Amino acid sequence: SPARQQAYKDVPDDVRDAAQRRQALQILGLPEELCDQAGDASASLTMEAELLDAAEYADLQGDGQTLLRVFREGKAGAQVVSDLSTVSAHFRIAKLLPNIALKDTRMGLANTAEGLVMRADKTREPFEFVVGEEDAAEEGDFVPPCVGRSLLLPPGGGTEGM
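Because the structure is predicted, anything quoted here is derived from the model rather than measured. (Residues numbered from 1 in each chain as written. Predicted model: local features only at pLDDT ≥ 70, side-chain atom pairs only at ≥ 80, totals over all residues. Heavy atoms only, no water.)

### Considering the overall build of the protein
Item 1. Along its length, the protein carries three helices and eight strands.
Item 2. Secondary structure elements in the protein, listed N-terminal to C-terminal, are α-α-β-β-β-β-β-β-β-β-α.
Item 3. Sequence separation of 24 or more characterises 45% of the internal contacts of the protein that already satisfy a separation of 6 or more.
Item 4. Roughly 13100 Å² of accessible area belongs to the protein as shown, and the carbon and sulfur atoms make up 50% of that amount. (Helix = DSSP H or I, 4+ residues; strand = E, 2+ residues; numbered from the N terminus. Contact = heavy atoms within 4.5 Å. Areas by Shrake-Rupley, 256 points an atom, 1.4 Å probe, with all protein chains shown as cover.)

In structure tokens:
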């Protein structure tokens, strides 16, 4: 963005490149030794990796900004979600690469021998909200507007059971 370019205009290119490499390594959870500038640039590095999971996302806009992954198809013949539909749903918002949950409606505190811990609670009631009016929810029942928007995104619309 122009604002970012303006903010970093006095930073030398090699420092900016090194910072971007370090940030990428941190996001991927790789050791910083891979970014070592003092080492021989022509030296080869051998790494092994094991693929634990793969998921397919649909790029809805074609720009990489809006990705959609449908975990399971909804019920056939069920009512399709639209603006101002009242919806009852569990949702989870997580950072994509590290998969750290920022909000999970099924998580709750449980008392264990080690003290209080966060655990999935299958008895928790789903959140009920109106699509397009998430901001108007009562205090403590906040549903991020992106949850309602995501229900409108699937081709054919979101339905019960998704």
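After presenting the structure, the write-up continues.
### Considerations on the pairing of strand β8 (residues 127–130)
Two faces, one strand: in a regular strand the side chains alternate between the faces of the sheet.
Item 1. The alternating pattern of β8 places F127 and F129 on a buried face, while none of E128 and V130, on the opposite face, is buried.
Item 2. Here strand β3 (residues 86–89) pairs with β8 via four bridges, running antiparallel. The partner of T86 across the bridge, within β8, is V130. (Buried < 20%, exposed > 50% of the residue type's maximum accessible area, 1.4 Å probe, protein only. Pairing = 2+ DSSP bridges.)

### Observations concerning helix α2 (residues 13–28)
Helical geometry note: an α-helix holds 3.6 residues per turn, so side chains three or four residues apart project in the same direction.
Item 1. A rise of 1.5 Å per residue sets the reference length of α2, with its 16 residues, at 22 Å; its end C-alpha atoms lie 23 Å apart and thus fit the reference within 8%.
Item 2. Two residues or fewer past α2, G29 is found with a positive phi of approximately 75°. (Expected span 1.5 Å × (residues − 1).)

### Things to note about the nonpolar core
Item 1. V81, V87, A89, F91, F127, F129, V131, V143 and V147 form the largest nonpolar core, which has nine residues in total.
Item 2. Of all the secondary structure elements, the ones that give two or more residues to this core are β3 and β8.
Item 3. With sequence-adjacent residues up to four places away left out, V131 is seen in contact with V81, S82, D83, L84, S85, V87, G148, L151 and L152. (Core = buried A, V, L, I, M, F, W, Y, C linked by side-chain atoms within 4.5 Å.)

### So, the pairing of strand β6 (residues 107–112)
Item 1. Side chains G108, A110 and T112 project from β6 onto a buried face, and the interleaved M107, L109 and N111 project onto a face without burial.
Item 2. In terms of strand pairing, β6 meets strand β7 (residues 115–120) through six bridges, oriented antiparallel. Within β7, the residue paired with M107 across the bridge is A120.
Item 3. Taken together, β6 and the strand that follows it, β7, pair antiparallel across an intervening segment of two residues.

### So, the pattern of salt bridges
Item 1. The final tally for this structure, using the stated rule, is three salt bridges.
Item 2. With its nearest N and O atoms 3.3 Å apart, the salt bridge here joins D13 to R16. Of this pair, D13 and R16 both sit in helix α2, three residues apart, which is roughly one turn of that helix. (Salt bridge = Lys/Arg side-chain N within 4 Å of Asp/Glu carboxyl O.)

### A word on the packing of aromatic side chains
Item 1. On inspection of all chains with the given rule, the structure shows one aromatic pair.
Item 2. Between F91 and F127 the ring centres are 5.7 Å apart and the planes differ by 70°, which places this aromatic pair in the edge-to-face class. Taken together, the residues F91 in the loop between β3 and β4 (92–94) and F127 in strand β8 connect sequence positions 36 residues apart. (Phe/Tyr/Trp six-rings, centres within 6.5 Å; stacked < 30°, edge-to-face > 60°.)

### Comments concerning unusual backbone geometry
Item 1. The phi dihedral of L84 falls on the positive side, at around 70°, and the residue is not glycine.
Item 2. Relative to the helices and strands, L84 resides in the loop between β2 (67–68) and β3.

### Side note on the environment of D59
Item 1. Relative to the elements of secondary structure, D59 occurs in strand β1 (residues 58–59).
Item 2. Residue D59 is classed as partly exposed on the basis of its relative accessible area, which comes to 36%.
Item 3. Spatially, the C-alpha atoms of D59 and R69 are 9.2 Å apart, while their sequence positions differ by 10 residues.
Item 4. Those residues within four positions of D59 in sequence are excluded, and the remaining contacts are G64, Q65, T66 and L67.

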